[in-house]
Amino acid sequence: MFEKLKDKSLSPSQERFDTIIGRTTQIYGRLVLLDSVRIDGKVVGNIETTKDNKVTVAIGKTGEVSGDITAHRVMVAGKVEGNIYAAERVEFHKDSIVQGDISYGSIAVEHGARLLGLVIQNPISSAAANSNADAKNVIKKAQESSS
């Protein structure tokens, strides 16, 4: 009746990353992306994408981000200190650490991932699911009501 969850992991992604930030690279400042990115190094600053682009931000096991992430899809295997606004999907892999609020369309969390913050699903309507501004408003309302 119950399956062993210990041996289950998220299926490997078929994403194509046009930009890779290597593990010895550190970036300080705001990133505005037009294509998907994989981060194995360190980024201090917000990561943003345009609303119309279906851009993926992936943080590898050695990757660290200190800032908010706004994207169509976000995959985390490393560390994030900041809010995550994923219009479509967010994935947290084993041993990932996230300190910040999360707004998502759909979510996958592997056993062993550590999340500290609000976890809020975006409204279901198609217009709202594609709007990162709506995701930010949902988190803001939840924070105000919990105070």
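Residues numbered from 1 in each chain as written. Predicted model: local features only at pLDDT ≥ 70, side-chain atom pairs only at ≥ 80, totals over all residues. Heavy atoms only, no water.

1. A short note on the overall build of the protein chain
Then comes step 1: Counting its secondary structure elements, the protein chain contains two helices and 16 strands.
Then comes step 2: Per-residue burial over the protein chain gives 41% buried out of 147 residues.
Then comes step 3: Considering only contacts within the protein chain whose residues lie at least 6 apart along the sequence, 14% involve residues at least 24 apart. (Helix = DSSP H or I, 4+ residues; strand = E, 2+ residues; numbered from the N terminus. Buried < 20%, exposed > 50% of the residue type's maximum accessible area, 1.4 Å probe, protein only. Contact = heavy atoms within 4.5 Å.)

2. Things to note about unusual backbone geometry
Then comes step 1: At D95, a position not held by glycine, the phi torsion is positive, near 70°.
Then comes step 2: Tracing the backbone through its elements, the reader meets D95 in the loop between β11 (84–92) and β12 (97–99).
Then comes step 3: Taking the relative accessible area as the measure of exposure, D95 reaches 48% and is therefore partly exposed.

3. Looking at a nonpolar patch on the surface
Then comes step 1: Taken together, the side chains of I107, V109, L115 and V119 present a nonpolar region at the surface, about 270 Å² in accessible area.
Then comes step 2: Among the structural elements, I107 can be located in strand β14 (residues 106–109).
Then comes step 3: Classification of I107 by relative accessible area gives partly exposed; the value is 31%. (Patch = residues over 30% accessible without salt bridge, like charges linked within 9 Å, V, L, I, M, F, W, Y side chains within 5 Å. Areas by Shrake-Rupley, 256 points an atom, 1.4 Å probe, with all protein chains shown as cover. Salt bridge = Lys/Arg side-chain N within 4 Å of Asp/Glu carboxyl O.)

4. Details of the nonpolar core
It is characteristic of soluble globular proteins that their nonpolar side chains tend to be buried jointly.
Then comes step 1: Core analysis: the largest hydrophobic core is formed by 24 residues, its most contacted members being I47, V57 and I84.
Then comes step 2: Listed by contribution, the elements that provide at least two residues to this core are β3 (31–33), β4 (37–39), β7 (56–59), β9 (69–76), β11 and β13 (102–104).
Then comes step 3: When neighbours within four sequence positions are excluded, V57 is seen to be in contact with L33, V37, I39, I47, I69, A71, R73, V74 and M75. (Core = buried A, V, L, I, M, F, W, Y, C linked by side-chain atoms within 4.5 Å.)

5. Side note on the sheet that holds strand β2 (residues 26–28)
Strand pairing within a sheet occurs via backbone hydrogen bonds; the two strands may be parallel or antiparallel.
Then comes step 1: The parallel open sheet is built from six strands, whose spatial order is β2-β5-β8-β10-β12-β15. Sheet topology places β2 and β15 (114–116) at the edges, where each strand pairs with a single neighbour. For this sheet, the mean inter-axis angle between neighbouring strands, taken without regard to orientation, is 5°.
Then comes step 2: Judged from the three bridges that link them, strand β5 (residues 42–44) and strand β8 (residues 64–66) form a sheet pairing that is parallel. By the bridge assignment for β8, V43 is matched with V65. (Pairing = 2+ DSSP bridges. Axes fitted to C-alpha atoms, helices over the stretch in contact; angles between N-to-C directions.)

6. A word on the pattern of salt bridges
Then comes step 1: This structure, assessed with the given rule, holds four salt bridges.
Then comes step 2: Among the salt bridges present, the one from E48 reaches R30, with a minimum N-O distance of 3.1 Å. Residue E48 is located in strand β6 (residues 47–49), and its partner R30 is located in the loop between β2 and β3; the two are separated by 18 residues in the primary sequence.
Then comes step 3: Using a relative accessible area of 24% as the deciding quantity, one classes E48 as partly exposed.
Then comes step 4: The partner of R89 in a salt bridge is E91, and the shortest N-O contact between them spans 3.0 Å.
Then comes step 5: With a relative accessible area of 25%, R89 lands in the partly exposed category.
Then comes step 6: Taking relative accessible area as the criterion, E91 reaches 9% and is therefore assigned buried.

7. Remarks on the pairing of β7
Then comes step 1: Residues T56 and A58 point to one face of β7 and V57 and I59 to the other, with burial holding for every one of them.
Then comes step 2: Note that β4 and β7 share three bridges and pair parallel. Its bridge partner lying in β7, V37 is registered against V57.
Then comes step 3: Sheet topology note: the β7/β9 ladder contains four bridges and is parallel. Across the sheet, residue V57 finds its bridge partner in β9, namely V74.

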